[in-house]
Structure formats: C-alpha cells, structure tokens
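Report on the structure
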Amino acid sequence: MQTSVVISTFDKPQYLRRTLAGLAAQSILPDELIIADDGSGEETREVVRRFRAVAAFPVIHIWQEHQGWRK
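Residues numbered from 1 in each chain as written. Predicted model: local features only at pLDDT ≥ 70, side-chain atom pairs only at ≥ 80, totals over all residues. Heavy atoms only, no water.

Section: the overall build of the chain
Along the chain, the regular secondary structure elements total two helices and three strands. For the chain, the sequential pattern of α-helices and β-strands runs β-α-β-α-β. Its C-alpha atoms give the chain principal-axis dimensions of roughly 35 × 25 × 15 Å. In the chain, buried positions account for 30% of the 71 residues. Within the chain, residue pairs in contact and separated by at least 24 positions form 75% of the contacts whose partners lie at least 6 positions apart. (Helix = DSSP H or I, 4+ residues; strand = E, 2+ residues; numbered from the N terminus. Buried < 20%, exposed > 50% of the residue type's maximum accessible area, 1.4 Å probe, protein only. Contact = heavy atoms within 4.5 Å.)

Spelled out as structure tokens, the structure:
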C-alpha cells in the first residue's frame, strides 16, 4: 500500500515549516508529500525547497495563482 500526504498552504511559511518538521518526525513516513499551495510567495517556496532537499520521500509542490480562497 502506498501513502500520500497532502498539505494545503497559503502564505504562512512559519506554520508550513512546523508542519513539515512534524511530518518528518513520524515513525512511519509517507511514500510522497503533496503541498497544495494557493499562491504563496517566495518564502514558502524556499521552505519547500529546503525540506525537499532533506526529505526521505518525494515532495511535490503544486502552486496555483491566488484568486481568493480556492482550496
């Protein structure tokens, strides 16, 4: 069985950083992580880049232009 985790985010890189740290500390890791981003800025992209560099699983960052709340 394969496990994917989806995290949605928008312009709260400090919370995303904490969420990713919590995910990385789990005893059983997912097979992949999908970050659904509703138009965050460069700081969030940097958080994702840094996490992707050390993650033990694939990290997929899906970004869409922010046009109001569209989770």
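Here's the deal with helix 1 (residues 13-24)
Over its 12 residues, helix 1 extends 16 Å from the first C-alpha to the last, a length consistent with the 16 Å expected when each residue adds 1.5 Å. For helix 1, the set of buried residues is P13, L16, L20 and L23. Down the axis of helix 1, the sector holding all buried residues measures 80 degrees, keeping them to one side. Those residues of helix 1 hidden inside the fold are in contact with strand 1 (4-9), strand 2 (32-37) and helix 2 (42-54). (Expected span 1.5 Å × (residues − 1). Arc of directions from axis to C-beta.)

Brief notes about the environment of T3
Looking at the secondary structure, you find T3 in the segment before strand 1. Taking the C-alpha atoms as reference, T3 lies 8.8 Å from L33; in sequence the two are 30 residues apart.

Observations concerning the environment of P30
Counting through the fold element by element, P30 comes out in the loop between helix 1 and strand 2. Accessibility expressed as a relative area gives 7% for P30, which makes it buried. Leaving out residues up to four positions away in the same chain, P30 has contacts with T3, V5, L23 and F57.

Looking at unusual backbone geometry
A negative phi holds for most residues other than glycine; trans holds for most peptide bonds. Despite not being glycine, D11 has its phi angle at roughly 50 degrees, a positive value. Tracing the backbone shows D11 in the loop between strand 1 and helix 1.

Quick word on the packing of aromatic side chains
Taken as a whole and judged by the stated rule, the model has one aromatic pair. With a centroid separation of 6.0 Å and 55 degrees between ring planes, the pair formed by F51 and F57 is classed as tilted. Like F57, F51 is buried. (Phe/Tyr/Trp six-rings, centres within 6.5 Å; stacked < 30°, edge-to-face > 60°.)

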